[in-house]
Amino acid sequence: MTVRLHWFLPTSGDDRSVVGVTARDSLESRTTARPPTLDYLAQVARAAESAGFEAVLTPTGSDCEDSWLTTAALIPQTSRLKFLVAFRPGVIAPPLAAQMTATYQRLSGGRLLLNIVTGSDADEQRSYGDFLDHGARYARTDEFLELLRTAWSGESYDFDGAHYTVRGGRLRRPPVEQPPVFFGGSSDAALPVAARHADTYLTWGEPPEAVARKIGRVRELAARQGRELTYGIRLHVISRDTAEEAWAEADRILATLDPAAIAAAHERFRTSDSAGQRAMAALSGGRTDRLEIHPNLWAGFGLVRPGAGTALVGSHEQVAQRIEEYADLGIEHFILSGQPHLEEAIRFGECVRPLLGHRLAAA
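What this report covers is the structure whose coordinates are included nearby. Please read all numbers here as calculations on a predicted model, not as lab measurements. (Residues numbered from 1 in each chain as written. Predicted model: local features only at pLDDT ≥ 70, side-chain atom pairs only at ≥ 80, totals over all residues. Heavy atoms only, no water.)

### Focus on the pattern of salt bridges
Filter applied, for reference: Whenever Lys or Arg places a side-chain nitrogen within 4 Å of a carboxyl oxygen from Asp or Glu, that contact is recorded as a salt bridge. For helices the rule is a DSSP run of H or I covering at least 4 residues; for strands it is a run of E covering at least 2, with both sets numbered from the N terminus onward. For the exposure calls, accessible area comes from a 1.4 Å probe over protein chains only, and a residue counts as buried if that area is under 20% of its type's maximum, exposed if over 50%, partly exposed in between.
Under the definition given, this model contains 18 salt bridges. The partner of arginine 34 in a salt bridge is glutamate 343, and the shortest N-O contact between them spans 2.7 Å. Taken together, the residues arginine 34 in the loop between strand E1 (4-8) and helix H1 (38-50) and glutamate 343 in helix H12 (residues 341-351) connect sequence positions 309 residues apart. With a relative accessible area of 28%, glutamate 343 lands in the partly exposed category. Note that arginine 167 is salt-bridged to aspartate 160, the shortest N-O span being 2.7 Å. Taken individually, arginine 167 and aspartate 160 each receive the classification exposed, so the pair is uniform in this respect. One salt-bridge network, held together by shared partners, links Arg4, Glu54, Lys82 and Glu332.

The structure is reproduced here in structure tokens:
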């Protein structure tokens, strides 16, 4: 399986410990060693580009800068790097999203990828004015993606759905190249939507056997639709010259976490209406003594961080081996991060990427 490498843009700020501890933090109350200034984010983007990453994932939510505006500002700061822009269908009307993506493709020279995020923490969803329950949100996303692709055709259309109604719709300047759609979700409501609409299905970093079961289900559902998807995974990395150095760094990060914050986060995560978030919480069980859940797969980030909670930890050779293990399951896209993101992008590019040379997609 070919490997395509992507990095992460830290629009919540950057640090040497865990960033993104809670979605309930505000930008005003957040303190990080490196604020998400345009200058710093440009440094990270250029480092990722130089290190050979294809794209950077830019998150969405109340704890980070807006993904559309931030990445648009970085287009002239880079030359070939693509931007995997995360956004929530419930806060943008599909015809407007179609226009935004078409404009972005023209301004960037075709460097846009889309990451559809159906929902997150229920309280945060409501803070954006979204009061739909879990199942209804995925039904709305289903309509959103159908309508988005209809608009991209450039043809005139009407649309009647449970969540959207459009009369006389037409995108007068459709994108020459439609941006690929990345989509994640672990629930029974999410997987059929992925099978119908996604180009790439994304999973968080569970152990390989769990990942194999999940993408097997999506592959089967997609086949019923006459479709073939690609697959991706979201992981942190702690890669060092030796395994001992890598695990020492993991231990250092663990020592910075407040036990009270761990307990509070675990209670919130295990009762989340997100099936993926509950799965992440279950990997550690809120405990700090059994965090290596598969060889070189560490659940320490998920003790306090929502979303992606696992890291590949080990020597550069071991990290490369684990990436190849996931690739053997059919995973093509690896969306990685390491804190701080500037230095770790360079380290990965210099030390791990060459070990994957026979796997890498052609530039």
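### Some remarks on the side chain of threonine 203
As a reminder, the rule being used: In the analysis that follows, any N or O atom pair within 3.5 Å is treated as a polar contact, provided that within protein one partner can donate a hydrogen and the other can accept it, and provided that, for residues neighboring in sequence, both atoms belong to side chains. In this description, contact between two residues means that some pair of their heavy atoms is separated by no more than 4.5 Å.
Looking at the secondary structure, you find threonine 203 in strand E8 (residues 200-204). Classification of threonine 203 by relative accessible area gives buried; the value is 2%. Separated by 3.1 Å, the side chains of threonine 203 and lysine 214 make a polar contact. Beyond its immediate chain neighbours, meaning those up to four positions away, threonine 203 contacts Val211, Lys214, Gly232, Ile233 and Arg234.

### A few points about the pairing of E8
Remember that side chains alternate between the two faces of the sheet whenever the strand is regular. Heads up, the condition is: Each pair of strands is called paired provided DSSP finds at least two bridges between the two strands.
Most of E8 is tucked away, with four of its five residues classed as buried. Strand direction decides the pairing type here: E8 and strand E9 (residues 230-240), joined by five bridges, are parallel. Its bridge partner lying in E9, tryptophan 204 is registered against arginine 234.

### Brief notes about the packing of helix H3 (residues 94-108) against helix H5 (residues 134-152)
Packed helices, taken two at a time, are described by the angle their axes make and the gap between the axes. This is how it is decided: Here an axis means a line fitted to C-alpha atoms, over the contact stretch when the element is a helix, while the angle between two N-to-C directions is reported on a 0 to 180 degree scale. Note on terminology: angles under 35 degrees are roughly parallel, angles over 145 are roughly antiparallel, angles of 65 to 115 are roughly perpendicular, and the others are oblique. Crossing handedness follows the turn of the near helix against the far one: under a right angle anticlockwise gives a left-handed crossing, and clockwise gives a right-handed one. Amino acids outside the nonpolar list (Ala, Val, Leu, Ile, Met, Phe, Trp, Tyr, Cys, Pro) and the charged list (Asp, Glu, Lys, Arg) are all regarded as polar, and Gly is one of them.
For the pair H3 and H5, the least separation of the axes is 9 Å and the interaxial angle reads 50°. On the basis of the axis angle, H3 is oblique to H5. The two elements H3 and H5 meet at a crossing, and its hand is right-handed. Mapping the contact onto sequence places Pro94, Pro95, Ala97, Ala98 and Thr101 in H3 and Phe144, Leu147, Leu148, Ala151 and Trp152 in H5. Residues belonging to the contact of H3 with H5 are distributed by class as follows: nine nonpolar, one polar and no charged.

### Regarding a negative patch on the surface
Rule in force here: In this analysis, a patch consists of residues with relative accessible area above 30% that form no salt bridge, clustered at 9 Å for like charges and at 5 Å for the nonpolar side chains Val, Leu, Ile, Met, Phe, Trp and Tyr. The method behind every accessible area is Shrake-Rupley, applied with a 1.4 Å probe, and residues are considered shielded solely by the protein chains displayed. Neither His nor the chain ends is counted toward charge; the positive residues are Lys and Arg and the negative residues Asp and Glu. Note on charges: their place is set at NZ of Lys, CZ of Arg, CG of Asp or CD of Glu.
Together, Asp241, Glu244, Glu245 and Glu317 make up a region of like negative charge exposed at the surface. Owing to a relative accessible area of 42%, glutamate 317 belongs among the partly exposed residues under this scheme.

### Quick notes on the pairing of strand E7 (residues 181-184)
In terms of strand pairing, strand E4 (residues 112-116) meets E7 through three bridges, oriented parallel. What sits directly across from asparagine 115, in E7, is phenylalanine 182. Pairing of E7 with E8 involves three bridges; the strand directions are parallel. Each residue of the ladder has a partner; that of glycine 184, found in E8, is leucine 202.

### Observations concerning the packing of aromatic side chains
Rules: Here a Phe, Tyr or Trp ring, Trp counted by its six-membered ring, pairs with any other such ring whose centre lies within 6.5 Å, and the pair is stacked when the planes are under 30 degrees apart, edge-to-face when over 60, and tilted otherwise. Should the NZ of a Lys or the CZ of an Arg lie within 6 Å of a ring centre and within 35 degrees of the ring normal, that charge is described as sitting over the ring.
Under the definition given, this model contains nine aromatic pairs. With a centroid separation of 5.8 Å and an interplanar angle of 85°, the aromatic rings of tryptophan 298 and phenylalanine 301 are classed as edge-to-face. For phenylalanine 301, a relative accessible area of 2% translates into the label buried. Members of the aromatic cluster, each reached through a chain of ring pairs, are Trp68, Phe87, Tyr104, Phe144 and Tyr164. Above the face of the phenylalanine 8 ring, arginine 305 is positioned so that its terminal group lies 6.0 Å from the ring centre.

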